[in-house]
Amino acid sequence: MAIEVRNVSKAFGVTPVLNDVSIDVSAGSLTALLGPSGGGKSTLLRVIAGLESPDSGTVVISGVDATALPPQRRDVGFVFQHYAAFKHMTVFKNVAFGLEIRKRPKDEIRRRVRELLELVHLESFADRFPAQLSGGQRQRMALARALAVEPKVLLLDEPFGALDAQVRKELRSWLRRLHDEVHVTTVFVTHDQEEAIEVADTIVVLADGRVKQVGSPAEVYDNPADTFVMRFLGPVTELGGQLVRPHDIEIATAPEEGSVPATVSRILRLGFEVRVELQVDGQEVWAQATRSVVEGLELRSGQTVHVRPGPAARPLALSVS
């Protein structure tokens, strides 16, 4: 394992932030720490980086007990949400900074920086200053700077949180491609479920300072450990005392085995997808369908239909917590 966190607890004053947290991060993997605000994600990342000291527990990086090591001796690269760029330095000098303070030969620095700027598609911006870059370009510069010293582990704290939605989508696809090229062990913090599912090999769901579930995106989404994870990892609706993914609900105009009657209360078209809002025994339920399904059934408000979880559904009883 590249990173082994064992029984780590951390409190700020009387407020517990991490409670007996243990995780393993495989070498060369891309792992997301996912959860709501205040769940302990960033604190765990900072403990791994050495920017916070745990009250108890251990952190092992590449087989070395790093619990008491200062950040500069952990061989990690760290990228913050707000870039932390040196405003008075060019892009080239920003990326070269870590190599220069390590007194690497000038020829090696030039070669390494040029390689990285090409890797992050900023080779034509080497002489610009951070203020002359877009948000996405500044974040790519920050990633190049973190990679310059060839860290064993790359830690990213909400790396795209300060960017607009479209740039976030572009950069997370780029991050996945970049990781597949450099294969550095990477851990990133996010509260964006779609981002974690799209980018990560492994998702660690954290809430209230505890690990709720660890698994691949498919495992965590399709087989949530409890109702919290299911609710957090995508849309859900309640049907018959169970949580069900709305896209797993089947709608029919005639009764079918296992179905219950429902009244269509609203039909909302969202591009290709359609949100069908229903009333089942006085309870609000919604289903996600395609326009072709809705048009084929000729659905309309006030219509009585019949709904049930489809064959691919994996409902979770509401009593599970």
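Worth saying up front: this structure is predicted, and the values here are computed from it rather than measured.

(A) Spotlight on the overall build of the protein. Along the protein, the regular secondary structure elements total nine helices and 18 strands. Across its three principal axes, the protein shows a C-alpha extent of roughly 75 × 45 × 30 Å. When each of the 321 residues of the protein is scored for burial, the buried share is 49%. When contacts within the protein are restricted to residue pairs at least 6 apart in sequence, those whose partners lie at least 24 apart make up 63%. Counting only carbon and sulfur atoms, one obtains 49% of the accessible surface of the protein, whose full area is about 15,400 Å².

(B) Spatial organisation of the pairing of strand 6 (residues 76-79). The two faces of strand 6 match: V76 and F78 on one face and G77 and V79 on the other face are all buried. Bridging between strand 6 and strand 7 (residues 153-157) involves four bridges; their strand directions are parallel. Within strand 7, the residue paired with V79 across the bridge is L156.

(C) Layout of the sheet that holds strand 6. Across the sheet, which stays open at both edges, the six strands sit in the order 6-7-8-3-9-10 with mixed pairing between neighbours. The open sheet is flanked by strand 6 and strand 10 (210-215), the only strands paired with a single partner. Between one strand axis and the next, the sheet turns through 15° on average, direction left out of account. Bridge analysis of strand 3 (residues 30-34) against strand 8 (residues 185-190) gives five bridges, and the strand direction is parallel. Within strand 8, the position partnered with A32 by the bridge is F188. Here helix 1 (residues 41-49) sits on the sheet in contact with strand 3, strand 6, strand 7, strand 8 and strand 9 (202-207), set at roughly 150° to strand 7.

(D) The packing of helix 2 (residues 91-101) against helix 3 (residues 106-119), seen in detail. Here helix 2 crosses helix 3 at 130°, and the two axes come no closer than 10 Å. The angle between helix 2 and helix 3 falls in the class oblique. Crossing of helix 2 against helix 3: the hand is right-handed. For the pair formed by helix 2 and helix 3, the contact residues are V91, F92, V95, A96, L99 and E100 on the first element and I109, R110, R112, V113, L116 and L117 on the second. Considered class by class, the residues forming the contact of helix 2 with helix 3 number nine nonpolar, no polar and three charged.

(E) Structural context of the nonpolar core. Core analysis: the largest hydrophobic core is formed by 47 residues, its most contacted members being V95, V113, L117, L154, I203 and L233. It is helix 4 (residues 135-148) that contributes the most residues to this core, seven residues altogether. With 26 residues, the next largest nonpolar core counts V21, L44, I61 and V189 among its residues.

Cut-off values and rules
Residues numbered from 1 in each chain as written. Predicted model: local features only at pLDDT ≥ 70, side-chain atom pairs only at ≥ 80, totals over all residues. Heavy atoms only, no water. Helix = DSSP H or I, 4+ residues; strand = E, 2+ residues; numbered from the N terminus. Buried < 20%, exposed > 50% of the residue type's maximum accessible area, 1.4 Å probe, protein only. Contact = heavy atoms within 4.5 Å. Areas by Shrake-Rupley, 256 points an atom, 1.4 Å probe, with all protein chains shown as cover. Pairing = 2+ DSSP bridges. Axes fitted to C-alpha atoms, helices over the stretch in contact; angles between N-to-C directions. Parallel < 35°, antiparallel > 145°, perpendicular 65-115°, else oblique. Left-handed = near helix turned anticlockwise from the far one by under 90°. Nonpolar A, V, L, I, M, F, W, Y, C, P; charged D, E, K, R; others polar. Core = buried A, V, L, I, M, F, W, Y, C linked by side-chain atoms within 4.5 Å.

Don't take any of this as a statement about function, it's just geometry.
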